[in-house]
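# Chains, contacts and geometry: an overview
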Amino acid sequence: MPRKRITDKPDLSHKIKSGWEILQGSLPEVESYNRDYVRFLSQVKTEREAVEYFRDQAGEAGGLELVENRGKALAVCGRGAIPLKEGVRIVVAHIDSPRLDLKANPLYEDTDLAMLKTHYYGGIKKYQWLARALALHGVVVKEDGSPVKVLIGEDPDDPCFTIEDLLPHLAANAQYAKKLPDAFQAEKLNIILGSRPDLTAKDNKVKEYILSLLHEKYGIVEQDFVSADLEIVPAGPAREVGIDRSLIGGYGQDDRACSWAAFAAVRDAASKGYTSIALLMDKEEIGSEGNTGAKSMFIEEVLWELADRFGEELVPSRVLFKSRAISGDANGAFDPDYPEVHEKMNAARLGFGVCVTKFTGARGKVGSSEAHAEYMAYMRSLLNRSGIPWQTGELGKVDEGGGGTVAKFLAEYGMDIVDMGPALLSMHSPFELSSKVDTYSTYLAYRAFMEDRG
Ligand code: MN
Ligand code: MN
């Protein structure tokens, strides 16, 4: 009898394959998915703009149920054949991103420049916002309740804004000698709004001219800043990056990579068993607080609303206990310039597919909702069966830092939930980087989850 050849042995070791290898037969789909994604990223930079965009896209697609919360959070639902009371399939992602908000009294004049005071939102590295083109997005609500939309700095013909930085010649003491957090201070993140004086004004000539322009163009007065959501974001479109065009660079990919994937998955899911919900939330970057964040009871309201529309009787908390969910959020990819912050065996790599994160948190898993082994087994089986590139990833070395997602707030309802999304480089910067195969794998994973009847 011939001896069994060594190649007949089952492969016992766990090897991850490049997403480019697994998806080599579907590169046209990878490209067309990412073209839509880049268009979305370029156009949508705030939570309000995301809700509007998804509402329009859902309208075009047809057949989807929408439940909206104050124009800042949205549930996009695809009705399944199985009654709601058997549970639903949720992919929750967030549509807010780190940025600079305007203060209530932002406008002042200093040394012949009109400036705006800002208050940063979420985790930013302040120096990344200096000396670059910035845009103003948002809404001003006048005293009579009428909203005035503001969008300046995105059209190539628009003016843009900027925050100035100190010239290196004079930075020795004010910046170089200090530790990074002291060298760049929040109260110096002031937007340059203009410099031309109103020659007829007595004093504050530059500010007076700006006020007259704002009144002329938007019909607003200075007190209207009090009732406004005005956000400063990096100006300009998302771009392909690399001579091979393999990467996407742009602002807000945390978490628009996942919110776009979740929306597209609900839209495209075929043969739905369970009702699938893309739950697109606000305020994740500041702890999911408030009535539009994941700590609110919006998901219960969504179920009450769907029950009404579908003519079903249910108790939301019982439906949610039986439900399964994915927390769609971006992770940090292994950074070749800072290998010392990662543990290489458990860091996500750019281009190796959607990253499944069993737990988040800091130090001893503090603040994490850890997915159970049973749920990890379900997810691994689903991804393997569906031929989707995937990997696991922890955010950095143990005790190096950490982070959290909305997973724990939905887990409070008793549903199973695990974090899944693409890994990014330069996360939370004005120009985050993703791999095209990772954004596409994320979409494939969410869609397979929504189509699965298990
Ligand atoms: Mn995120
Ligand atoms: Mn984030």
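Residues numbered from 1 in each chain as written. Chains lettered and ligands numbered in written order. Predicted model: local features only at pLDDT ≥ 70, side-chain atom pairs only at ≥ 80, totals over all residues. Heavy atoms only, no water.

## Quick notes on the pattern of salt bridges
Should the charged atoms of two oppositely charged side chains come close, the side chains can pair. For the record, the criterion: What counts as a salt bridge is simple: a side-chain nitrogen of Lys or Arg found within 4 Å of a carboxyl oxygen of Asp or Glu. In DSSP terms, a helix is any run of H or I states spanning at least four residues, a strand is any run of E spanning at least two, and both are numbered starting from the N terminus. Residue exposure (1.4 Å probe, protein chains only): buried if accessible area is under 20% of the type maximum, exposed if over 50%, otherwise partly exposed.
Within the structure shown, the criterion is met by 25 salt bridges. In this structure, glutamate 240 engages lysine 436 in a salt bridge whose closest nitrogen and oxygen atoms are separated by 2.6 Å. One end of the pair, glutamate 240, is in strand β10 (residues 239-241); the other, lysine 436, is in helix α12 (residues 436-451), with 196 residues separating them in the sequence. By relative accessible area, lysine 436 is classed as buried at 1%. Among the ionic pairs, lysine 295 bridges to glutamate 289, the shortest N-O distance being 2.9 Å. Judged by relative accessible area, lysine 295 falls into the partly exposed class, the value being 42%.

## A look at the packing of helix α2 (residues 27-43) against helix α3 (residues 47-61)
Selection criterion: In this description, a line fitted to the C-alpha atoms serves as the axis of each element, helices being fitted only across the stretch in contact, and the angle between N-to-C directions of two axes falls anywhere from 0 to 180 degrees. When an angle is under 35 degrees it counts as roughly parallel; over 145 it counts as roughly antiparallel; between 65 and 115 it counts as roughly perpendicular; any other value is oblique. Residues count as neighbours in contact if any of their non-hydrogen atoms are within 4.5 Å of one another. Residue polarity is assigned by list, with Asp, Glu, Lys and Arg as charged and Ala, Val, Leu, Ile, Met, Phe, Trp, Tyr, Cys and Pro as nonpolar; anything else, Gly included, falls into the polar class.
Two numbers describe how α2 lies on α3: the axes approach to 10 Å, and their chain directions differ by 140 degrees. The angle between the axes of α2 and α3 places the two elements in the oblique class. Here α2 contributes Arg39, Phe40 and Gln43 to the contact with α3, which in turn contributes Glu49, Tyr53 and Phe54. Here the residues of the contact of α2 with α3 sort into three nonpolar, one polar and two charged.

## A closer look at the domain arrangement of the protein chain
Here is the rule we go by: How far each domain reaches was decided by an automatic or database domain assignment. By definition, the buried area sums, over both parts, the 1.4 Å-probe accessible area that each loses when the two are put together. N or O atoms within 3.5 Å of each other form a polar contact, as long as, within protein, one can give a hydrogen and the other can take it, and as long as residues adjacent in sequence are counted only when both atoms are side-chain atoms.
For the protein chain, the assigned domains are domain 1 (19-97 + 251-451) and domain 2 (99-234). With 18 residues of domain 1 at the interface, the matching set in domain 2 holds 16 residues. Here domain 1 packs against domain 2, burying approximately 1,400 Å² in sum over the two surfaces, 47% of which is carbon and sulfur. Taking the shortest distance from any N to any O, the salt bridge between glutamate 154 and lysine 45 comes out at 2.9 Å. At the boundary of domain 1 with domain 2, the tally comes to ten residue pairs in polar contact (both at pLDDT 80 or more). Considering only residue class, the side of domain 1 that touches domain 2 consists of three nonpolar, four polar and eleven charged.

## Digging into the packing of aromatic side chains
To keep things clear, this is the line we draw: The rule is short: rings of Phe, Tyr and Trp, with Trp giving its six-membered ring, pair when the centres are within 6.5 Å, and they are stacked under 30 degrees, edge-to-face over 60, tilted in between.
For the structure on display, the rule yields 13 aromatic pairs. Each ring, one from tyrosine 127 and one from phenylalanine 184, has its centre 5.7 Å from the other, and the planes form 50 degrees; the classification is tilted. Of this pair, tyrosine 127 sits in the loop between β5 (113-121) and β6 (134-141) while phenylalanine 184 sits in the loop between α5 (180-183) and β8 (191-194); the two residues are 57 residues apart in sequence, bridging distant segments of the chain. Exposure remark for phenylalanine 184: the relative accessible area of 16% places this residue in the buried category.

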